[in-house]
Amino acid sequence: MKNIFFSLMRSNVGTKLNDVALFFFRIAVSIELIYAHGLKKIGIGTALAEVVPNPLGLPEALNQVFATAANLVMPIFIILGLMTRLATLPILAVTLTGYFVLHFNDPILVKDVPFMYSLCFLLICFTGAGKYSVDHYIISRNLFRRK
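Every chain begins its residue count from 1, and numbering advances along the sequence as written. In keeping with the model being predicted, local features are shown solely for residues with a pLDDT of at least 70 and side-chain atom pairs are shown and tallied solely at 80 or more, while totals for entire chains, interfaces and linings include all residues. Water and hydrogen atoms were dropped before computing side-chain values, which therefore reflect all heavy atoms in the structure.

Peer 1: How should the nonpolar core be read in this particular structure?
Peer 2: Among soluble globular proteins, nonpolar side chains are generally buried collectively. Ranked by size, the top nonpolar core spans twelve residues in total: Val 29, Leu 33, Ala 70, Met 74, Ile 78, Ala 87, Ile 91, Leu 92, Tyr 117, Phe 121, Ile 124 and Cys 125. Put simply, DSSP H or I for four residues or longer makes a helix, DSSP E for two residues or longer makes a strand, and each gets a number counted from the N terminus. Looking at this core, the elements with two or more residues in it are helix 2 (16-41), helix 3 (60-80), helix 4 (84-102) and helix 5 (108-127). Counting residues per element, this core draws most heavily on helix 5, at four residues. Residues count as neighbours in contact if any of their non-hydrogen atoms are within 4.5 Å of one another. Not counting residues up to four positions away in its chain, the partners in contact with Ile 78 are Arg 26, Ser 30, Thr 84, Ala 87, Thr 88, Ile 91, Phe 121 and Ile 124. Working definition of a nonpolar core: buried Ala, Val, Leu, Ile, Met, Phe, Trp, Tyr and Cys residues. They are joined through side-chain atoms within 4.5 Å. Relative accessible area decides the class of each residue, using a 1.4 Å probe on protein chains only: under 20% of the type maximum gives buried, over 50% gives exposed, and in between gives partly exposed.

Peer 1: Hey, could you run me through the pattern of salt bridges in this one?
Peer 2: Criterion for a salt bridge: a side-chain nitrogen of Lys or Arg within 4 Å of a carboxyl oxygen of Asp or Glu. Enumeration over the complete set of coordinates arrives at two salt bridges. In this structure, Lys 41 and Glu 50 form a salt bridge, with 2.8 Å as the shortest nitrogen-oxygen distance. The class of Lys 41 is buried, set by a relative accessible area of 10%. What makes Glu 50 partly exposed here is its relative accessible area of 28%. One salt-bridge network, in which partners are shared between bridges, spans Lys 40, Lys 41 and Glu 50.

Peer 1: So what exactly am I meant to see when it comes to a nonpolar patch on the surface here?
Peer 2: Here the term patch refers to residues with relative accessible area over 30% and no salt bridge, with like charges joined within 9 Å and nonpolar side chains (Val, Leu, Ile, Met, Phe, Trp, Tyr) within 5 Å. To measure how exposed things are, a 1.4 Å probe is used in the Shrake-Rupley method; for residues, cover is taken only from the protein chains shown. Judged by side-chain polarity, Leu 56, Leu 58, Leu 62, Phe 66, Phe 100, Val 101 and Phe 104 come together as a nonpolar surface patch covering roughly 670 Å² of accessible area. Put simply, the parts of the chain that give the nonpolar patch at least two residues each are helix 3 and helix 4. Looking at the secondary structure, you find Leu 62 in helix 3.

Structure representation (structure tokens):
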């Protein structure tokens, strides 16, 4: 009983189970972001393409392209595990802006979506893609080694 208790308390960082969990986590969160938010931005599943709010007053075209890329293109990079940490930054810019600027005065049930996406992509940003990724393959093969 004592061994079971301590095995449950031990961290599994760096284990195969942790790598598999991170692999499925980054894929699931990215697919959800694409399906729930990205496809609406280009008009798939809706009558018209969604107009992205612009709380920072950016040029309208830049705002639309940035939000669309953050919700459609960057999650594909994260699914592949390609430039994963860099790909999380535009997503975090959009989700954190949604939480702290656009939904700041809204009730918690409205602003919990950008908050949860922010937490998920912050975790991916801090942990990286893990072992099952293009990033890991590139690093393990030293494909960008300086000569």
